Protein chains: 4
Amino acid sequence: MTIVGEGDLALVINLRDEKRYLVKLQAGGALHTHRGIIPHEECIGQPWGRIVRTQLNAPFMVLEPSTADLIKHIKRNTQILFPKDIGYILLKLSVRPGRLIVEAGTGSGGMTLALALATAPLGRVVSYEVRPEMQALAIKNMQKHGIAEGIVEFKLRDIAEGFDEIQADALFLDVPQPWDYLPQVAACLRSGGLFATIIPTMNQAIPTIAGLEAASFGLIEMEELLLRHYKAVSTRVRPADRMVAHTAYLVFARKMEKNSPPTEQTSPTANYI
Amino acid sequence: MTIVGEGDLALVINLRDEKRYLVKLQAGGALHTHRGIIPHEECIGQPWGRIVRTQLNAPFMVLEPSTADLIKHIKRNTQILFPKDIGYILLKLSVRPGRLIVEAGTGSGGMTLALALATAPLGRVVSYEVRPEMQALAIKNMQKHGIAEGIVEFKLRDIAEGFDEIQADALFLDVPQPWDYLPQVAACLRSGGLFATIIPTMNQAIPTIAGLEAASFGLIEMEELLLRHYKAVSTRVRPADRMVAHTAYLVFARKMEKNSPPTEQTSPTANYI
Amino acid sequence: MTIVGEGDLALVINLRDEKRYLVKLQAGGALHTHRGIIPHEECIGQPWGRIVRTQLNAPFMVLEPSTADLIKHIKRNTQILFPKDIGYILLKLSVRPGRLIVEAGTGSGGMTLALALATAPLGRVVSYEVRPEMQALAIKNMQKHGIAEGIVEFKLRDIAEGFDEIQADALFLDVPQPWDYLPQVAACLRSGGLFATIIPTMNQAIPTIAGLEAASFGLIEMEELLLRHYKAVSTRVRPADRMVAHTAYLVFARKMEKNSPPTEQTSPTANYI
Amino acid sequence: MTIVGEGDLALVINLRDEKRYLVKLQAGGALHTHRGIIPHEECIGQPWGRIVRTQLNAPFMVLEPSTADLIKHIKRNTQILFPKDIGYILLKLSVRPGRLIVEAGTGSGGMTLALALATAPLGRVVSYEVRPEMQALAIKNMQKHGIAEGIVEFKLRDIAEGFDEIQADALFLDVPQPWDYLPQVAACLRSGGLFATIIPTMNQAIPTIAGLEAASFGLIEMEELLLRHYKAVSTRVRPADRMVAHTAYLVFARKMEKNSPPTEQTSPTANYI
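Let us look at the structure shown here.

Calculation criteria
- Residues numbered from 1 in each chain as written.
- Chains lettered and ligands numbered in written order.
- Predicted model: local features only at pLDDT ≥ 70, side-chain atom pairs only at ≥ 80, totals over all residues.
- Heavy atoms only, no water.
- Helix = DSSP H or I, 4+ residues; strand = E, 2+ residues; numbered from the N terminus.
- Contact = heavy atoms within 4.5 Å.
- Salt bridge = Lys/Arg side-chain N within 4 Å of Asp/Glu carboxyl O.
- Polar contact = N/O pair within 3.5 Å; in protein donor to acceptor, adjacent residues only side chain to side chain.
- Nonpolar A, V, L, I, M, F, W, Y, C, P; charged D, E, K, R; others polar.
- Pairing = 2+ DSSP bridges.
- Axes fitted to C-alpha atoms, helices over the stretch in contact; angles between N-to-C directions.
- Buried area = accessible area lost by both parts, 1.4 Å probe.
- Buried < 20%, exposed > 50% of the residue type's maximum accessible area, 1.4 Å probe, protein only.
- Core = buried A, V, L, I, M, F, W, Y, C linked by side-chain atoms within 4.5 Å.
- Parallel < 35°, antiparallel > 145°, perpendicular 65-115°, else oblique.
- Left-handed = near helix turned anticlockwise from the far one by under 90°.
- Right-handed = clockwise from strand over helix to strand, strands pointing away.
- Least-squares fit on C-alpha atoms with pLDDT ≥ 70 in both.

### A word on the environment of glycine 5 of chain C
Residue and element names in this part refer to chain C.
Alright, step 1. Within the secondary structure, glycine 5 is located in the segment before β1 (9-14).
Alright, step 2. For the pair glycine 5 and isoleucine 44, spaced 39 residues apart in the sequence, the C-alpha separation amounts to 5.3 Å.
Alright, step 3. The contact partners of glycine 5, leaving out residues within four places of it in the chain, are Leu25 and Ile44.

### Focus: the side chain of arginine 254 of chain A
Alright, step 1. Assignment of secondary structure puts arginine 254 of chain A in strand β15 (residues 249-255).
Alright, step 2. Residue contacts for arginine 254 of chain A: discarding those within four places in its chain leaves Gly192, Gly193, Leu194, Phe217, Gly218 and Leu219 of chain A together with Leu63, Glu64, Pro65, Ser66 and Asp69 of chain B.

### Section: the interface of chain C and chain D
Alright, step 1. Taken together, the contact between chain C and chain D spans 85 residues of the former and 85 residues of the latter.
Alright, step 2. For the interface between chain C and chain D, the tally reads 12 salt bridges.
Alright, step 3. For aspartate 69 of chain D, the salt bridge identified is with arginine 254 of chain C, shortest N-O distance 2.9 Å.
Alright, step 4. Our enumeration of links across chain C and chain D arrives at 35 residue pairs in polar contact (both at pLDDT 80 or more).
Alright, step 5. Looking at the side of chain C that touches chain D element by element, the count peaks at 13 residues for strand β12 (residues 218-231) of chain C.
Alright, step 6. Classifying every residue of the side of chain C that touches chain D by side-chain character gives 43 nonpolar, 19 polar and 23 charged.

### A look at the sheet that holds strand β5 (residues 50-53) of chain D
Residue and element names in this part refer to chain D.
Alright, step 1. Taken together, four strands build an open sheet; the order of strands is β2-β1-β6-β5 and the sheet is antiparallel. One side of each edge strand has no neighbouring strand; the edge strands of this open sheet are β2 (20-24) and β5. Averaged over all neighbouring strand pairs, the angle between strand axes comes to 30 degrees, with direction disregarded.
Alright, step 2. Here four bridges tie β5 to strand β6 (residues 59-63), and the two strands are oriented antiparallel to one another. Residue pairing across strands places isoleucine 51 opposite methionine 61, the latter belonging to β6.

### A short note on the interface of chain B and chain D
Alright, step 1. In this complex, chain B contributes eight residues to the contact, which on the side of chain D involves eight residues.
Alright, step 2. Both faces considered, chain B and chain D share a buried interface measuring about 590 Å² in area, 75% of it formed by carbon and sulfur atoms.
Alright, step 3. Linking chain B with chain D are zero salt bridges.
Alright, step 4. There are zero residue pairs in polar contact (both at pLDDT 80 or more) connecting chain B and chain D.
Alright, step 5. Going through the elements one at a time, α6 (202-214) and β12 (218-231) of chain B are the ones with two or more residues in the side of chain B that touches chain D.

### Digging into unusual backbone geometry
Alright, step 1. Along the chain, alanine 120 of chain A connects to proline 121 of chain A via a cis peptide bond; the corresponding omega equals 0 degrees.
Alright, step 2. One can find proline 121 of chain A in the loop between α3 (110-119) and β8 (124-129).
Alright, step 3. The omega torsion of the bond from alanine 104 of chain C to glycine 105 of chain C falls at -10 degrees, within 30 degrees of zero and hence cis.
Alright, step 4. Position of glycine 105 of chain C relative to the elements: it lies in the loop between β7 (100-104) and α3 (110-119).
Alright, step 5. One non-glycine residue with positive phi stands out, namely leucine 219 of chain D, at about 50 degrees.
Alright, step 6. Structurally, the position occupied by leucine 219 of chain D is in strand β12 (residues 217-231).
Alright, step 7. Since its relative accessible area comes to 7%, leucine 219 of chain D is described here as buried.

### Some words on the side chain of glutamate 221 of chain C
Alright, step 1. Within the element layout of this structure, glutamate 221 of chain C appears in strand β12.
Alright, step 2. Owing to a relative accessible area of 13%, glutamate 221 of chain C belongs among the buried residues under this scheme.
Alright, step 3. Once you skip the residues sitting within four places of it in the chain, glutamate 221 of chain C turns out to touch Lys92, Leu250, Val251 and Phe252 of chain C together with Arg20 and Ala232 of chain D.

### Notes on the nonpolar core
Alright, step 1. Formed by 89 residues in total, the largest nonpolar core has its most connected members in Ile89 of chain A together with Ile89 of chain B.
Alright, step 2. Setting aside residues up to four positions removed in sequence, isoleucine 89 of chain B forms contacts with Met111, Phe172, Ala196, Ile198, Leu250 and Phe252 of chain B.

### As for the packing of helix α6 (residues 202-214) of chain A against helix α6 (residues 202-214) of chain C
Alright, step 1. Look at α6 of chain A against α6 of chain C: their axes get within 10 Å of each other, and the N-to-C directions meet at 135 degrees. The angle between α6 of chain A and α6 of chain C falls in the class oblique. Once α6 of chain A is placed against α6 of chain C, the crossing between them reads as left-handed. For the pair α6 of chain A and α6 of chain C, the contacting residues are Met202, Asn203, Ala205 and Ile206 of chain A in the first and Met202, Asn203, Ala205 and Ile206 of chain C in the second.
Alright, step 2. Of the residues belonging to the contact of α6 of chain A with α6 of chain C, the class tally is six nonpolar, two polar and no charged.

### Focus: the pattern of salt bridges
Alright, step 1. In the structure shown here, the tally under the stated rule is 76 salt bridges over all chains.
Alright, step 2. Note that glutamate 221 of chain B is salt-bridged to lysine 92 of chain B, the shortest N-O span being 2.9 Å. Here glutamate 221 of chain B is found in strand β12, whereas its partner lysine 92 of chain B is found in helix α2 (residues 83-92), with 129 residues between them in sequence.
Alright, step 3. Relative accessible area serves as the criterion here: at 7%, lysine 92 of chain B is assigned to the buried category.
Alright, step 4. In this structure, the salt-bridge partner of aspartate 164 of chain D is arginine 157 of chain D, at a minimum N-O distance of 2.7 Å.
Alright, step 5. With relative accessibility at 46%, the residue aspartate 164 of chain D sits in the partly exposed group.

### Looking at α3 of chain C
Alright, step 1. Here α3 of chain C lies mainly inside the structure; 10 of its 10 residues are buried.
Alright, step 2. For α3 of chain C, the complete set of buried residues consists of Gly110, Met111, Thr112, Leu113, Ala114, Leu115, Ala116, Leu117, Ala118 and Thr119 of chain C.

### Comments concerning the pairing of strand β8 (residues 124-129) of chain D
All names here are of chain D.
Alright, step 1. When you tally the buried positions in β8, you get five out of six residues, the bulk of the element.
Alright, step 2. Sheet topology places strand β7 (residues 100-104) next to β8; five bridges connect them, and they run parallel. Paired with glutamate 103 across the two strands is serine 127, which belongs to β8.
Alright, step 3. With helix α3 (residues 110-119) bridging β7 and its parallel neighbour β8, the resulting β-α-β unit is right-handed.

### Things to note about the relation of the copies chain B and chain D
Alright, step 1. Least-squares fitting of chain B to chain D yields an RMSD of 0.0 Å, with the superposition described by an axial translation of 0.0 Å and a rotation of 180 degrees. One copy is carried onto the other by what is essentially a two-fold rotation axis. Every residue of chain B has its C-alpha some distance from the rotation axis, and the shortest such distance is that of methionine 202 of chain B, at 3.1 Å.
Alright, step 2. When the interface residues of chain B are mapped onto chain D, 100% of them again lie at the interface, so the same face is used by both copies.

### Things to note about the packing of α2 of chain B against helix α3 (residues 110-119) of chain B
Residues and elements named next belong to chain B.
Alright, step 1. The geometry of α2 relative to α3 is characterised by a closest axis approach of 11 Å and an angle of 45 degrees between their N-to-C directions. What the angle tells us is that α2 and α3 run oblique. Note that α2 runs across α3; the crossing there is right-handed. Mapping the contact onto sequence places Ile86, Ile89 and Leu90 in α2 and Gly110, Met111, Ala114, Leu115 and Ala118 in α3.
Alright, step 2. Residues of the contact of α2 with α3, tallied by class, amount to seven nonpolar, one polar and no charged.

The following block contains the structure:
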């Protein structure tokens, strides 16, 4: 991983304005930037972290994209899922090798990519999508990164018809009305299984939480993450002037066992959940 | 993973006040709560997600702890590393199976745990600590979770003496004066390798960034994450009254190749980095 | 205002732990702190900003309370209105001398105090409250500060019956269901008049905005303010560990003129508002 | 204040895209918008809060600008002071009628405007500026609003030479290096007087706090305010996508009495401040 290889994805960054390009390097290829051209051969066979220059002498860094970079630069035509949210969701859903993770909808595949990277080589990710063109984009995005094979299974389906899987360890929902699919979610998750969904508006937050309460999910949590960038110049360190103020509310819950038997019979609190 | 086994770690949560207990379940054991006693046998052999009750009829959920739960409940006597920060750092440092990740200092092992879970089964984590008692606590914490074996190597060393590893994919520093160790960090990382450090004060932020600038690291970024909890009760959804307002500033950078040769000779911008 | 007088309100602050006391100074009085006693005579007749000591030699600062201090230390038995919100609302509602400002409900009188201070000596504040005991507390709070006379008029009334005033410059509503009183609000405000309300939950935000839309208010805005304290010690400047994460959502709007005549007759957009 | 008069400042807002214009209305004048022309006569003599239309039938609201609007729309060529910060500073500095408030530098006069509005008709504001062209702009801005006369006194001076005033109730500093002027500040404020300054970077925060500590100021506080806008549409209420992430750090302190005599003689804590 020290030397840039043909076929590698590279993050090429203008040193002056930090404009970024995500490029698949190919012999004979060239990156056309706003400050000149970089032939791919300038990068291939060299160490990562090198400075290359365009014919206009503009300097660019050639870096291996981090997982966060891959997520941010994925080709998309839907709402964005950000690394700040994905990193936290992965820990809240215990996404790791060996787990069965179900997702709907696939969208552009940003979350699918993160799930695949976090569960490889021993996990299994099943991703549902109802729109054929979105699924096609996601599959193309995954193939570009060459990491999905053997890990991710894509299914074209309206999840109102239910999931095929049972005993899933975790399920992530990114759909406009999550409360419409909670019986299907409960049927898919193993007892104690982990659930997460994201929703942008207050109008969605209220019925989502109400639905989880009614469906007897446990440990319902709603959170949001704010990411603040700083100007990292040592003579004038300060927060950036502007920031992304909202991506989504994150809602988490656990599937509780049905008919959880009370250890003592006749209590007024027996119906608590 | 559907049935609770002996030796499993369980997160036991009071349904009334959400007070939480992280317990290693053992035959004959008992959890003493502020609302009565739960014999471990009530949990072992049952499905996860079940409600059990104390002899005082107080209901508790028995849940498998998520990775986020494990991190939050680790036994510690140092500053806290939070799931919100760890999840983001894992994505920014591309921590995944197969990678060589170096960390210093080990502290209570919260980050070590997260690194081990994210790189297993094929990765390698090396964690340096200078204080023997901290290292002992971290090792004990890891053994409790039974996940470090074969993944994490603990080293007792002042990193001023340097790291043994070279060509590390990523390095995470959690020490009071990160700027003191940047030559050692540069010697340990492969070209293009990923670097992260966390620091709580502005007084540390400025020399950390200045040090990275002086040591010719690239793509220096400073960020912070704010996590806001909401009251997840459907009839009155609202942000929680109080929140953790600060954990740490996160600083990221990339190791650049030394003596990166300019593609064209005589430019006034050749010394840009 | 340089010398502390008898009858003055003083903010007395422990230098060690910053614990604060708001005291009305009286000859013969004494402040009993957790670190000893300060006779009021130690303060009266001395300059503001002096350090005094208890018989246990604990040092305290004697300061004139700022408007922000007065608001924070008001005796209350209701939800808190914070200086950060009040300061912003005063500017959004153009509260200044000469204006007629209507408020409901009075609550503990924190906002009433701020309105009185901002409109004196030439303004007029009318404050409605339906609960006699709350009104009594607010009046007592105002008398303690000796600033309401001639400025604030308190009325005991359910505002469902309407406000007496017409042509008010601004109206501030702090009631559980603001959307129930919008016709009354519209009848009270002059055309173009400024409206603000505060609500803590998402469940209230949605019907409040829907009500304003239905009642043809203009320039509807919803905002919130987050105040972050820093540890102001020069050797380790950093955000405080914890903060107040939520006080209320602030909603602003303008009363539009009814039957605003279109300048051109037959447009499909004539019914826009 | 119900009827729009000639010479009034009006805030004219496009109902479609909320684009705003601050206009001084004059007989014969016309507002040229991106959606057509509005003759000032359409507004003058009509009630505030009316909808007017351009010749292209685009609807605009005609509103009296609030204090917050005036501050935001002031003509400036310097860093911005926002209503969120100004409203809070006014309460922290107890700016109200009857007070003597000193300010430096004047800048574009946004804060000066707020100070004048908050202290009229009985207060006194003195505003220092070292750059003649900035002072000229501020005076022009104040005359446009017609509110400074008799309240604000502008002085052209490098405050390194000191302030003329003594016994000021409050002093607000908006200069690049506030720590350079603390002796001058201390000489200007009355004992116990209120001090505030704003600074954008961490590099300024540390010496500002260190300077206040060294100069024996008391109750040193550093805070910042984050203002979050929401999309106020009742069917999809949500935080705005982007926000201003940073304006400035706010630093507050109190002038302590010099040589504050200890009430008891020989204490090891006598040098605490």
